[in-house]
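# Topology and contacts: notes
If you want the building blocks of each chain, they are given just below.
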Amino acid sequence: MKRRECLQNIGAIALFPLAHTPFPQWKVYRKLHLFIVVNRENAAAYDLGQAIAHTLTDEIPESRAMVTRARDSLRVASLISTQQLDVALLPRPELIAWQSYQPPYDQLQPTQLQEIFETEDYVLISRNDFRAEHAALIRETLQAHL
């Protein structure tokens, strides 16, 4: 009986690592979905981001667009500049502060940004390495439907 319990415990230990999502799977998930990151503290940005994601999902289903929230504007900028996410929705003043390396953005590595779409006081941005054809498709879709 002790031998059987020992083998069961070894089997459970061997399968334990499979119970957690490995990091490479998160990379694949990020590649399959267009995440639009917004500042959690900005409810208007979240609502606008939801509208943008809904429009993109309806018009470009393969984008699988969705909004995700970061804890503050510095974290939004960090996620974009470190290439963890590709697209962000920011108020124009925050984008200007980031591009001019004003505090708290002076802590981040320099990042070349492009504006994809502008509405009201908000700008949908990405890094310059975001595929030009994807940025153009997003821009055209949003201009036609928002």
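Residues numbered from 1 in each chain as written. Predicted model: local features only at pLDDT ≥ 70, side-chain atom pairs only at ≥ 80, totals over all residues. Heavy atoms only, no water.

## Looking at the nonpolar core
Burial of nonpolar side chains together is a common tendency in soluble globular proteins. Note the following rule: Working definition of a nonpolar core: buried Ala, Val, Leu, Ile, Met, Phe, Trp, Tyr and Cys residues. They are joined through side-chain atoms within 4.5 Å. Here's how the labels work: a residue is buried when its accessible area is under 20% of the maximum for its type, exposed when over 50%, partly exposed in between, all with a 1.4 Å probe on protein chains only. Put simply, DSSP H or I for four residues or longer makes a helix, DSSP E for two residues or longer makes a strand, and each gets a number counted from the N terminus. Two residues form a contact once any of their heavy atoms are found within 4.5 Å.
Counting 21 residues, the largest nonpolar core has Ile36, Ile52, Leu56, Leu89, Ile116, Leu124 and Ile138 as its most contacted members. Mapped onto this core, the elements with two or more residues apiece are strand S1 (35-39), helix H3 (43-59), strand S3 (87-91), strand S4 (113-119), strand S5 (122-127) and helix H6 (132-145). Not counting the four nearest positions on each side in its chain, Leu89 is found in contact with Ile36, Val37, Val38, Ala45, Leu48, Gly49, Ile52, Tyr122, Val123 and Leu124. Ranked by size, the runner-up nonpolar core spans 18 residues in total, among them Val37, Leu90, Leu95 and Ala97.

## Description of the pattern of salt bridges
Where side chains of opposite charge bring their charged atoms close, a pairing between them can arise. How we decide: One side-chain nitrogen of Lys or Arg within 4 Å of one carboxyl oxygen of Asp or Glu is enough to make a salt bridge.
Summed over all chains, the structure comprises five salt bridges. Arg127 is the salt-bridge partner of Asp86, the closest N and O atoms lying 2.7 Å from each other. Residue Asp86 is located in the loop between helix H4 (73-81) and S3, and its partner Arg127 is located in strand S5; the two are separated by 41 residues in the primary sequence. A residue is classified by how much of its surface remains accessible, and Asp86, at 28% relative accessible area, is partly exposed. Under the relative-accessibility criterion, Arg127 is labelled buried at 7%. Put simply, Glu118 and Arg92 hold a salt bridge, and the shortest N to O gap is 3.0 Å. Taken together, the residues Glu118 in strand S4 and Arg92 in helix H5 (residues 92-99) connect sequence positions 26 residues apart. What makes Arg92 partly exposed here is its relative accessible area of 23%. What emerges from the salt-bridge pattern is a single network uniting Asp86, Arg127 and Asp129.

## Details of the layout of surface pockets
Where we set the bar: In the cavity and pocket records, a cavity denotes points on a 1 Å grid over the protein atoms alone where a 1.4 Å probe fits but cannot get out, a pocket denotes an open set with protein on both sides within 12 Å along at least 5 of 7 lines, and lining residues are residues with an atom within 4 Å of a point. Grid points are joined across faces, edges and corners, and a volume is the space filled by probe spheres set on the points. Gly falls in the polar group here, along with every residue not listed as nonpolar (Ala, Val, Leu, Ile, Met, Phe, Trp, Tyr, Cys, Pro) or charged (Asp, Glu, Lys, Arg).
As a volume, the largest pocket reaches approximately 540 Å³. A class-by-class count of the residues in the lining of the largest pocket yields nine nonpolar, five polar and seven charged.

## Let's talk about the sheet that holds S5
Stated precisely, the cut-off is as follows: Whether two strands pair depends on DSSP finding at least two bridges between them. Each axis is a line fitted through C-alpha atoms, taken for helices only over the stretch in contact, and angles between the N-to-C directions span 0 to 180 degrees.
The strand order across the open sheet built from five strands is S2-S1-S3-S5-S4, with neighbouring strands paired in mixed fashion. Two strands close off the open sheet at either side, each with one partner strand: strand S2 (66-70) and S4. The average angle at which neighbouring strand axes cross in this sheet is 30 degrees, direction not considered. Both S1 and S3 contribute to a ladder of two bridges, which runs parallel. Residue pairing in the sheet places Val37 in a bridge with Ala88 of S3. Here H4 sits on the sheet and contacts S1, S2, S3, S4 and S5; the angle it forms with S1, its principal contact strand, is near 155 degrees.

Read these as layout, nothing more, since geometry by itself doesn't imply function.
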